[in-house]
Amino acid sequence: MLKRFLHKMAKEVSGKRRWHRLWHDEQVKMIVAFVFTVIAVFLTVAFVSWFFTWKADQSVAESLPPSDHHTPRIENWMGKLGAWASLKLITNGFGVASFFIPLILLALGFCLLKIKLLPLGWTLRTSLAGMPLFSVVSGFFFGHTAGFLGNGLGGAHGVHMSHWLTSQVGWFGAFILLLLLTFVFLTFTFAGFFNWFKHTSSSLYRLMKHPKAVQRKFPKKPADTPGFQPREDEKTDETGNDKTDDDNTDNDDIELEVTGRPDDKHPDDASGGNVPFTIEKQPSSDDSAQNEEYKMDDLTALGRFDPTLDLSHYRLPPLDMLKDYPSADSLVGSEELMNNKNKIVETLRNYKIEIDKIKATIGPTVTLYEIVPAAGVRISKIKNLENDIALSLSALGIRIIAPMPGKGTIGIEVPNMHPEIVAMRSIIESPRFQNAAMELPVALGKTISNEPFIFDLTKMPHLLVAGSTGQGKSVGLNAIIASILYKKHPSQVKLVMVDPKSVEFSSYEKLEHHYLAKLPDAEEAIIIDTQKVIYTINSLCIEMDTRYSLLKDAGVRNIKEYNTKFIERRLNPNLGHRFLPYIVLIIDEYADLMMTAGKEIEMPIARLAQKARAAGIHLIIATQRPTTNIITGVIKANFPARIAFRVISQIDSRTILDQAGANQLIGRGDLLFTSGGDLTRVQCAFIDTPEIEGITQFIGSQQGYPTAFLLPEYSAEENAELKEVDLSKRDPIFDDAARLIVVHQQGSTSLIQRKFSIGYNRAGRLMDQLEAAGIVGPNEGSKARQVLFSDEASLEKYLNRLAQENTNP
């Protein structure tokens, strides 16, 4: 009976899948879109023609259906069908508001053709709400023109509804109600209308309240305060009149709002209304002024600061840029379920282990079989049969969870015969991600129960990603980055990308003026040079210390509280305060950096991992070499959240997760996630390179910031022991390194490292010797050192003299 039931369910699902596959066929979409577009154009032309031909066509269209071949001559440009449609929709329908109907059809056609001219959601909301509203408004104000178009501009619907409304609340009541509904419609439909209305009403209020335009002075905004831009309605000159200036950074007048909690009210403003005020900073004998404690006459409401105003027209990438992979072929059939269930039961019975119940949970790539053993069966006995069960099922990657966390069962994870591709789109468009109230939501994939797996990076607070080559690590990083791009505005998060292989993050170069952060003198936003990586990480340490100073001055504990206070205008940018975006440092192939730089990389990384969470700086480190000399104890202690893709040995799994399990995965995006507790098996969402290219191209084509987000300047400390460098103990390749530097006229440590295939530490000592010898200048931060010799001839003379001095001291 169970077998017949499962077979029936599989057939029903298969039928639904066929319809799903037909609807997602591109040719079907194109045909339907073409039909919608043709109908929209047809109706538009017919409606326009009706304005000129309605008198001649109305009586004919009313008397006969459009299919009658003996209809007298029709004047409408679209013939008798156009005249009939215009009569039904305009005269007997919604009047001129019927033009919303072809607009809806056109938006549907554009959506299917992936033409981004009319956003479908906005068009539907606007049309379905605007059509009946403007029909009634037209019928109310132009009801006396009933002779025009048969029933006036509002159509039959507008005339009848306006008459009914007038009979209920009177002419003046109907006028007020329609005015209110129109205002609400325009406010929710067009964001700029509300700002214009607010700005205009505020100006009129100030003009009536202060006819002499009392002068108000405010603190000047520092020109170097990033992230703080006044709103358009806050740009005023010294007399309080509106002022338009194309250069926002030269605006000298800033109005600050100082508000408390939503339930706080000023004793002089119990009604909560808007009252003008003047802010004066009171002298203080201590440093408490840093907390912006102002004394003021009245409380005002100037509006919250919006960090997205600099890029107010920025749009998040649309979902149709992501592929949707059909899953009809990957359906786990009832036959596969029953075979696996029988083999598990048979194997256990061979070892005299009885079970009372078995339950199957089908996942995208793995099916979980939960068994309830009979009384008296030891869990360890089942756990030891892992290899025997794998042999009987002829499957790779069998994993036994004994017991299941929070359940009285034992789990056996068995790979599916036909694994399903988890599309990134299916995770991004899921309600769990769209409605996630997280600071930095990351959509990783689907769990074994087919639920989207989403976590908040700020709660982790750092992430370690490891796995063997080709097991899905790079796709996992792309999924994490795509999650951020689909959820956060460029003003809210910045990415620092380190790519030693020079190929993994190259697609994200287009995001430089939107999401990327870099050193002031860096030419490229994607960091590939080891020395620049060291400078960038140390620069992040400086940024962390600066942010902690701001948090201390603001009297808050973390970046979320700080930004909330700044948005509410309770922090003065004149005192150095600014909106702080989250910064995510993403390092691909951390092992390569550890081999070339060692402690120079590990120590600042450890410092960021220990302290940067509250300052809004989070780290994602990936490596394909999960060895103990790469994932050291310092790293593991500060990265409780870890993602393990498939690894070769159990030792590697214990290095990453502190327990076995990653060596039993099946690859192709199959991963284990832990945040310091139990392991969660997840199938990573797949996002292909063309999808990444499309997303970055879409973002890069929009207006961005003038430059990337600039990190603090970092200059490596002058080597205090340069005077103690013993030139008599020069490196064996000292002369060759000097010639290389002079030939290329570039005092770069990485150049020496690449040309001679040596480690970063030895190359750094060589550069110190070259500086002590006077061949290159001192360190200039992220810039290459100045070369003090212009040609090889003068260098050879100097090297010969230096060799003679060392020979004859």
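**Q** How would you sum up the pairing of strand 7 (residues 463-466)? Please name residues and give values.
**A** Here strand 7 shows a buried face lined by Leu463 and Val465 and a second buried face lined by Leu464 and Ala466. Pairing between strand 7 and strand 12 (residues 641-645): 4 bridges, direction parallel. Bridging from a neighbouring strand, Leu463 pairs with Ala641 of strand 12. Sheet analysis places strand 7 next to strand 11 (residues 617-623), joined by 4 bridges and oriented parallel. Paired with Val465 across the bridge in strand 11 is Ala622.

**Q** Give a description of a nonpolar patch on the surface that names residues and reports values.
**A** A cluster of nonpolar side chains, Ile31, Phe34, Val35, Val38 and Ile39, forms an exposed patch at the surface whose accessible area comes to about 460 Å². The topology assignment puts Ile39 in helix 2 (residues 26-63). Taking the relative accessible area as the measure of exposure, Ile39 reaches 36% and is therefore partly exposed.

**Q** Let's hear about unusual backbone geometry: which residues, and what values?
**A** Cis geometry is adopted by the peptide bond preceding Pro461, which originates at Met460 and carries an omega value of 0°. Counting through the fold element by element, Pro461 comes out in the loop between strand 6 (452-456) and strand 7. Phi is positive for Arg569, which is not a glycine, with a value near 60°. Relative to the elements of secondary structure, Arg569 occurs in the loop between helix 15 (559-567) and strand 10 (582-587). Relative accessible area serves as the criterion here: at 1%, Arg569 is assigned to the buried category. One non-glycine residue with positive phi stands out, namely Gln745, at about 50°.

**Q** Describe in detail the sheet that holds strand 4 (residues 410-415), supporting the description with residues and values.
**A** Reading across from one edge, 1-2-4-3 is the order of the 4 strands in this open sheet, with antiparallel pairing throughout. If you trace the sheet from one side to the other, it starts and ends with strand 1 (355-362) and strand 3 (399-401), each paired once. Going across the sheet, the axis of each strand differs from the next one's by a mean of 20°, ignoring polarity. Two elements, strand 2 (residues 366-373) and strand 4, share 6 bridges in a ladder whose sense is antiparallel. Counterpart to Leu368 in the pairing with strand 4 is Glu413.

**Q** Could you give an account of the confidence of the model for the protein chain, naming the residues involved and the relevant values?
**A** Low pLDDT means the predicted atomic positions in that stretch should not be read closely. Summary statistics for the protein chain give a mean pLDDT of 78 and a share of 78% for residues scoring 70 or more. Across the protein chain, the secondary-structure element scoring lowest on mean pLDDT is helix 1 (residues 2-23), at 56, and the one scoring highest is strand 10, at 96. Of the regions scoring below 50 in pLDDT, residues 212-301 engages in 138 contacts with residues more than four places distant in sequence or in other chains. Below a pLDDT of 50 lies the segment residues 718-723, which in the model reaches 7 contacts outside its immediate sequence neighbourhood of four places, other chains included.

**Q** Mind laying out the pattern of salt bridges, listing which residues take part and the relevant values?
**A** Counted by the stated rule, this structure contains 24 salt bridges. For the salt bridge of Glu771 with Arg785, the shortest nitrogen-to-oxygen distance reads 2.5 Å. Within this pair, whereas Glu771 is found in helix 23 (residues 760-772), its partner Arg785 is found in the loop between helix 23 and helix 24 (792-807), the two being separated by 14 residues in sequence. Accessibility expressed as a relative area gives 12% for Arg785, which makes it buried. Taken together, the shared-partner salt bridges in this structure form one network comprising Arg399, Glu413, Asp670 and Arg681.

**Q** Can you break down the pairing of strand 6 residue by residue, with the values?
**A** Counted residue by residue, strand 6 has 5 buried out of 5 residues, so it is predominantly covered. Burial along strand 6 is two-sided: the residues Pro452, Ile454 and Asp456 and Phe453 and Phe455 are all buried. Two strands pair when backbone bridges link them, and strand 5 (residues 441-447) and strand 6 are joined in this way by 5 bridges, in the antiparallel orientation. Among the inter-strand pairings, Pro441 is bridged to a residue of strand 6, identified as Asp456. If you look at the hairpin formed by strand 5 and strand 6, you'll find 4 residues sitting between the two strands, and Asn450 has a positive phi there, around 65°.

**Q** So, the environment of Arg73: which residues are in play, and what are the values?
**A** Checked against the element boundaries, Arg73 lands in the loop between helix 2 and helix 3 (79-94). It is 8.6 Å that separates the C-alpha atoms of Arg73 and Val60, two residues lying 13 residues apart in sequence.

**Q** Before we move on, could you go through the nonpolar core and cite the residues and values that matter?
**A** In this structure, Met424, Leu463, Leu495, Tyr508, Val584, Ile620 and Phe673 are the most contacted members of the largest nonpolar core, which totals 68 residues. Here this core gets 7 residues from one element, more than from any other, and that element is helix 13 (residues 473-485). Among residues more than four places away in sequence, those in contact with Met424 are Leu322, Ala443, Ala479, Ala482, Ser483, Ala685, Phe686 and Ile687.

Conventions we followed
Note on numbering: residues in each chain are counted from 1, in written sequence order. Since the coordinates come from a predicted model, pLDDT governs what is reported: local features require at least 70, and pairs of side-chain atoms require 80 or more to be given and counted, while whole-chain, interface and lining totals use all residues. Remark: hydrogens and water are excluded; side-chain values derive from all non-hydrogen atoms of the structure. Three exposure classes are used, based on accessible area relative to the maximum for each residue type with a 1.4 Å probe and protein chains only: buried under 20%, partly exposed in between, and exposed over 50%. Starting at the N terminus, helices and strands are each numbered in turn, a helix being any DSSP run of H or I of at least four residues and a strand any DSSP run of E of at least two. Any two strands with at least two DSSP-identified bridges between them are counted as paired. Within the patch definition used here, like charges are joined within 9 Å and nonpolar side chains (Val, Leu, Ile, Met, Phe, Trp, Tyr) within 5 Å, considering only residues with over 30% relative accessible area and no salt bridge. Method for areas: the Shrake-Rupley scheme with a 1.4 Å probe, in which residue coverage is limited to the protein chains shown. Here a salt bridge means any side-chain nitrogen of Lys or Arg lying within 4 Å of a carboxyl oxygen belonging to Asp or Glu. Convention adopted: a line fitted to C-alpha atoms gives each axis, helices being fitted over their contacting stretch, and angles between N-to-C directions are expressed from 0 to 180 degrees. Values of pLDDT, the confidence the predictor places in each residue, fall between 0 and 100. Residue contacts follow a heavy-atom distance rule, with two residues in contact if any of their heavy atoms lie within 4.5 Å. Definition of nonpolar core: a set of buried residues of the types Ala, Val, Leu, Ile, Met, Phe, Trp, Tyr and Cys, connected through side-chain atoms within 4.5 Å.

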